[in-house]
Amino acid sequence: MTTKRKQTQSTRQKLYRQIITMLLLIQTMLIGVDAENRIQQGDSPIEVLIRMINQCIPVLKQASSLQEKQKKSLLPTHRRSEDQ
């Protein structure tokens, strides 16, 4: 039973990670669309680039955090497989 429960939790976590990844990709694409609109409206490309960088920093932090959580969740599994 505990193995099945762990598999269900693992599947659920994988699904959550995939959803978060897709949302981060969508957020990044929207930043690009916003930048294109601002350039078409006459904003300075340098100002638009600075704005894009400032908007992308939180996205990169979220992606890095997600990656670290994934690595941490994999460590106990590897340790167990080495013990067996």
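Before any of the text, the structure's been laid out above.
Residues numbered from 1 in each chain as written. Predicted model: local features only at pLDDT ≥ 70, side-chain atom pairs only at ≥ 80, totals over all residues. Heavy atoms only, no water.

(A) Inspection of the overall build of the protein at higher detail. Looking only at helices and strands, the protein has 2 helices and 0 strands in total. Here the protein holds 84 residues, and 7% of them are scored as buried. Carbon and sulfur atoms make up 59% of the accessible area of the protein, which totals about 7300 Å². (Helix = DSSP H or I, 4+ residues; strand = E, 2+ residues; numbered from the N terminus. Buried < 20%, exposed > 50% of the residue type's maximum accessible area, 1.4 Å probe, protein only. Areas by Shrake-Rupley, 256 points an atom, 1.4 Å probe, with all protein chains shown as cover.)

(B) Molecular detail of the pattern of salt bridges. All chains considered together, the criterion is met by 3 salt bridges. The closest approach of N and O atoms between R38 and D34, which form a salt bridge, is 3.4 Å. Here R38 pairs with D34, and both are found in helix α1 (residues 2–40), just 4 residues apart, close to one helical turn. The class of R38 is partly exposed, set by a relative accessible area of 25%. With relative accessibility at 25%, the residue D34 sits in the partly exposed group. R38 is the salt-bridge partner of D43, the closest N and O atoms lying 3.3 Å from each other. (Salt bridge = Lys/Arg side-chain N within 4 Å of Asp/Glu carboxyl O.)

Without other data, these values stay purely geometric and don't point to any function.
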